[in-house]
Amino acid sequence: MSGGAGGGFEGGAPATSRAIVVDVPGTHRLVTRPRPEPGPGEVLVEVAAAGICLSDREVYDGHRAPGYVRYPVTPGHEWSGTVVAAGPGVDPALVGRRTVAEGFRSCGTCERCRAGDTSLCSAAYAETGFTHPGAFADHLVVPARLLHPLPDDADLRGAALLEPAAVVAAAVRAAAPEPGERVAVVGAGTLGLLAVQFLAASSPGELAVVDPRHERAELACRMGATEARAPVHSPEVHGRYDLVVETAGARTTAADACLLARRGGRVVLTGMFARGAVGIDPVHLSVSQLTVRSIFGAPSAAWSFAVRAYSSGLIDPASLITHEFPLERYADALALVGGGDPKTGKVLLRP
């Protein structure tokens, strides 16, 4: 039995742990195995909750780009839990701490990591839930250096959404909103609604949300947006906003976001776009002198920002959760994600 709190036996019998395994696209199993043990520099986390996002659906459907997934895989990159064992070289005081952790397993030594851009690590791509076992399981092992411990009384249900919150935090940090500015958010999915919560805290003069789903737009207004409109009506406000944060990653939303910005305005692209997305008009870009930023994942600083915002009550990710399922109902949970029902928000697995 390895060192570290928790050990490998409970009640005289080997401890076990369940996990969802996607062997190949379209096929999954719920397996029971010996509980994993943390190695040097690692911790074992008991999962409290894990969110399902469209990237997880891509893994299951086989639509994730080659090189960004390694089958067989246990998905799950949005999660929260409690440290139950520490491997050699890890501070044992972490045992018992509620926590989340960065998904990108950055090398920490390349030029981009040394500059603080850990989400742009130039080493081979490695991410929990895609190339390494994720949180659709009772337990997972992660490097201790990636942990962001939470307060002792933190709600782990809401904390499972701190991964998308960290991505939004990266966008908000890049956007640098100022009080009184006119701000628009394109998209009212998980990222969009989290963006509304972050941006509402910056005291905007206006905070508009553009989304075709009436139910999602109404929810955005309850979370701090001052106005909601469907994309069909967005030409009425082209050129109005000082700052536009795009979160949808739909075919036309990058170009649409640039049209919403005023001349000299700022646009931050946060959604993950697929091939076939409409390009940004370079003539409009140059004539309007727009500043356009894109976001890929979240560096360590954005994670720290999101955790502080959550711990202080500035954001309420739990308000986005609409469904919760046990591991045994993984197929039912996955079917809801990307199913098109506007009443479906964040779906959680609860081991």
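- An unreviewed UniProt entry annotates the chain as 2-deoxy-scyllo-inosamine dehydrogenase of Streptomyces melanogenes.
- Quoted verbatim from the Sequence similarities (unreviewed entry) heading of the UniProt record, the comment on the chain is "Belongs to the zinc-containing alcohol dehydrogenase family. DOIA dehydrogenase subfamily."
- Within the UniProt record for the chain, the comment given under Function (unreviewed entry) is "Catalyzes the oxidation of 2-deoxy-scyllo-inosamine (DOIA) with NAD(+) or NADP(+), forming 3-amino-2,3-dideoxy-scyllo-inosose (amino-DOI)."

Some details on the packing of helix H4 (residues 162-175) against helix H9 (residues 300-311)
Argument step 1. The contact between H4 and H9 brings their axes to 8 Å, and the two run at 110°. The angle between H4 and H9 falls in the class roughly perpendicular. Mapping the contact onto sequence places Leu162, Glu163, Ala165, Ala166, Ala169, Ala170 and Arg173 in H4 and Ala301, Ala302, Trp303, Phe305, Ala306, Val307 and Tyr310 in H9.
Argument step 2. Looking at side-chain class alone, the contact of H4 with H9 contains 12 nonpolar, no polar and two charged residues.

As for the sheet that holds strand E11 (residues 206-210)
Argument step 1. Spatial ordering of the open sheet is given by E12-E11-E10-E13-E14-E15, a layout of six strands whose pairing is parallel. One side of each edge strand has no neighbouring strand; the edge strands of this open sheet are strand E12 (227-229) and strand E15 (291-294). The average angle at which neighbouring strand axes cross in this sheet is 20°, direction not considered.
Argument step 2. Here four bridges tie strand E10 (residues 182-186) to strand E13 (residues 241-246), and the two strands are oriented parallel to one another. If you follow Val185 over to E13, its bridge partner there is Val245.

With respect to the side chain of Lys346
Argument step 1. Along the chain, Lys346 falls in strand E17 (residues 346-349).
Argument step 2. Under the relative-accessibility criterion, Lys346 is labelled buried at 4%.
Argument step 3. Looking at Lys346, its side chain comes within polar contact range of the main-chain oxygen of Ile52, at 3.2 Å.
Argument step 4. Within the structure, the side chain of Lys346 is placed 2.9 Å from the side chain of Glu78, a separation counted as a polar contact.
Argument step 5. If we skip the residues at most four places from it in the chain, Lys346 touches Gly51, Ile52, Cys53, Glu78, Leu161, Thr190, Leu320, Ile321, Thr322 and His323.

Considering the side chain of Thr99
Argument step 1. Structurally, the position occupied by Thr99 is in strand E7 (residues 98-101).
Argument step 2. Polar contacts involving the side chain of Thr99 include one to the main-chain carbonyl oxygen of His148, which spans 3.4 Å.
Argument step 3. Excluding residues within four positions of it along the chain, Thr99 makes contact with Val45, Trp79, Ser80, Gly81, Val83, Leu147, His148, Pro149, Leu150 and Leu156.

Calculation notes
- Residues numbered from 1 in each chain as written.
- Predicted model: local features only at pLDDT ≥ 70, side-chain atom pairs only at ≥ 80, totals over all residues.
- Heavy atoms only, no water.
- UniProt positions renumbered as here; feature names shortened; annotations may be inferred.
- Axes fitted to C-alpha atoms, helices over the stretch in contact; angles between N-to-C directions.
- Helix = DSSP H or I, 4+ residues; strand = E, 2+ residues; numbered from the N terminus.
- Parallel < 35°, antiparallel > 145°, perpendicular 65-115°, else oblique.
- Contact = heavy atoms within 4.5 Å.
- Nonpolar A, V, L, I, M, F, W, Y, C, P; charged D, E, K, R; others polar.
- Pairing = 2+ DSSP bridges.
- Buried < 20%, exposed > 50% of the residue type's maximum accessible area, 1.4 Å probe, protein only.
- Polar contact = N/O pair within 3.5 Å; in protein donor to acceptor, adjacent residues only side chain to side chain.

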